[in-house]
Amino acid sequence: MGGKMDASEDYFYSQIGDAQLSVGARVNLMGAVSSISEGKKTKGTDFSTTLKIIDDSYSEFGFSVNFFAVVPTRLPCVRSIGDIISIHQLEVKLYKGIAHGVYNKKISSFALFEGNPIEGFHNYQKSVNYQATEHDDDLLSKINAWLLHNAPEAGICLTVSSLFFSILNDSVYGVLKIISDSCVRQLVRKDQLFPICHLKTGCPFDLVCKVLHVSITSEEDCLLFVWDGTDTRTANIEADLDLEGENPCPLHAGEFLPSAEKFCTFPLMGSVVWVFAGKHFKMISDLYGGGQWVKLQNMFCELHCGMLYGMLTPSSKIILVSDEESVVQYRLKNYDDRNVITMRRYPMSFSIPSRITVVDCDDVACITLRHSIAYPEVTHKCMCIVRLVAAYPWKAEDLISPVTGRYRVRFTLEDPTGRIRAYLCAEDGVNFFDGYPSSDVLASKMKKLLGIPDSSDGPTNCARNPPWFRCCLASYYLDKSQPRETRRYRIFGTKLVV
């Protein structure tokens, strides 16, 4: 990023949440582009477009920034939702009671950077008067790390070019058509190939992924286990907790599991999605043994007890993809980066876990549930970032045994890599619940853990979105001759502080 200012001239960047409170002032912002409006010609001689930008202080709706320029080529041409923009000397104004940013074409400046770049941050467009500062790279890295867990929806900006460039006069159309086509090609290339972290139900999509394993079901259907290094979105849980004793929440999206030996070869981070392929694809035999990257075209997703799984139909296609393809290299580099940076190992649905628990196991590693399940030693201790899918029993009055007077609860815990059952008993329960609080306090604590609103009479009244929390786990086995097959987990060294 050439031409950087001296430290004495550095711009101070405000967070977007603070900028909204600075009506009448000029601020410097850096954020991710979450939305792009269609460009238009103003009633005067200018051209304009509006971007919405987000950061970790303001991400729900986006902060609108109106750009104005004498010629369209001086407006920002965003290649993809999720790219990062730096704006200097932005004026904050109030319109109909809502704060927004106004780009003053005489004094404001901007630069656009690719989100999640393969090699460092380099602006692909900037205004002529933009000057980078020495600490820009640090802020870009911080925003980029946050984006990995809070990526804005893709596909919003595919209509940017058509109406925008249809209003231009012939003298500038030729030059801008090249810019338009370039932007659209970038958007189509990125938006049609969804990573696993962007998958959702209700619409077809294409997925470039690695086939880790192929199983055949009892009905002779093919089942693919696919991965790309990212995590599935957090889904609401709708299982009825009152039925957990007789009908426990499942641990997997289907009944056909890879062997323990095969499972231990799976990557330790990133969701593995089960894809039911039916009998439609003769080339499935090329995928036996795993390790092949493919493009699954026209795939659908559904939810089963809060777990995402994929489906291929007769209209779907499986296309073999070379390991050297840029999209594959991009996925692998992101995964390698997650391994290096501790915070990026967290589930991608949040930046920092909730603080509803404190743990007394700082001397053990923070790992994923899949890592723990595949751990070489069957008995070990670890810390995981999980959420509580189900509990049996879950009602406050049933958490303590009437026979022994001790806690005994079975938790179903999940992270993006899997689910386990973990037991909270005896003194571990006393530590977890901070003694033996009243029934009302216990009920409030359990509702918080399970994602049930305090105002709700029961979990059947609403879909639940439990919070993520830190938890210390210890594994043990019931049968020395079959340690891995009889392994269990217990919760220890964890205290609920709500």
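Residues numbered from 1 in each chain as written. Predicted model: local features only at pLDDT ≥ 70, side-chain atom pairs only at ≥ 80, totals over all residues. Heavy atoms only, no water.

An unreviewed UniProt entry annotates the protein chain as Telomeric single stranded DNA binding POT1/Cdc13 domain-containing protein of Zingiber officinale. Turning to the protein chain, the UniProt record has this under Subcellular location (unreviewed entry): "Chromosome, Telomere". (UniProt positions renumbered as here; feature names shortened; annotations may be inferred.)

Visitor: How would you sum up the state of the cysteines? Please name residues and give values.
Guide: All chains considered together, the criterion is met by one disulfide. What pairs with cysteine 361 in a disulfide is cysteine 472, and their sulfur atoms sit 1.6 Å apart. Where cysteine 361 bonds to cysteine 472 through sulfur, the torsion about that S-S bond is close to -70 degrees, and the disulfide is left-handed. Placement of cysteine 361 in the loop between β16 (357–359) and α7 (369–373) and of cysteine 472 in strand β20 (residues 469–477) is noted, with a sequence separation of 111 residues between them. For the pair cysteine 361 and cysteine 472, one class covers both residues: buried. Unpaired in terms of disulfides, cysteine 249 finds its nearest cysteine sulfur in cysteine 305, a separation of 4.9 Å. (Disulfide = S-S within 2.5 Å. Helix = DSSP H or I, 4+ residues; strand = E, 2+ residues; numbered from the N terminus. Buried < 20%, exposed > 50% of the residue type's maximum accessible area, 1.4 Å probe, protein only.)

Visitor: Report on the confidence of the model for the protein chain, specifying residues and quantitative values.
Guide: Of the residues in the protein chain, 85% have a pLDDT of 70 or more, and the chain-wide mean is 83. This stretch, residues 1–9, has a pLDDT under 50; its non-local contacts, to residues over four places away or in other chains, come to 19 contacts. Long-range and interchain partners of residues 154–191, a stretch whose pLDDT sits below 50, account for 45 contacts in this model, where long-range means more than four residues apart. (pLDDT = per-residue confidence, 0-100. Contact = heavy atoms within 4.5 Å.)

Visitor: Can you lay out the pairing of β20 for me, pointing to particular residues and giving the numbers?
Guide: The two faces of a sheet get side chains in turn, since along a regular strand they alternate between them. Bridging between strand β17 (residues 381–392) and β20 involves six bridges; their strand directions are antiparallel. Directly across from isoleucine 385, in β20, lies its bridge partner arginine 470. Pairing analysis gives six bridges linking β20 to strand β21 (residues 487–492), with the strands arranged antiparallel. Its bridge partner being in β21, tyrosine 477 is matched across the sheet by arginine 487. (Pairing = 2+ DSSP bridges.)

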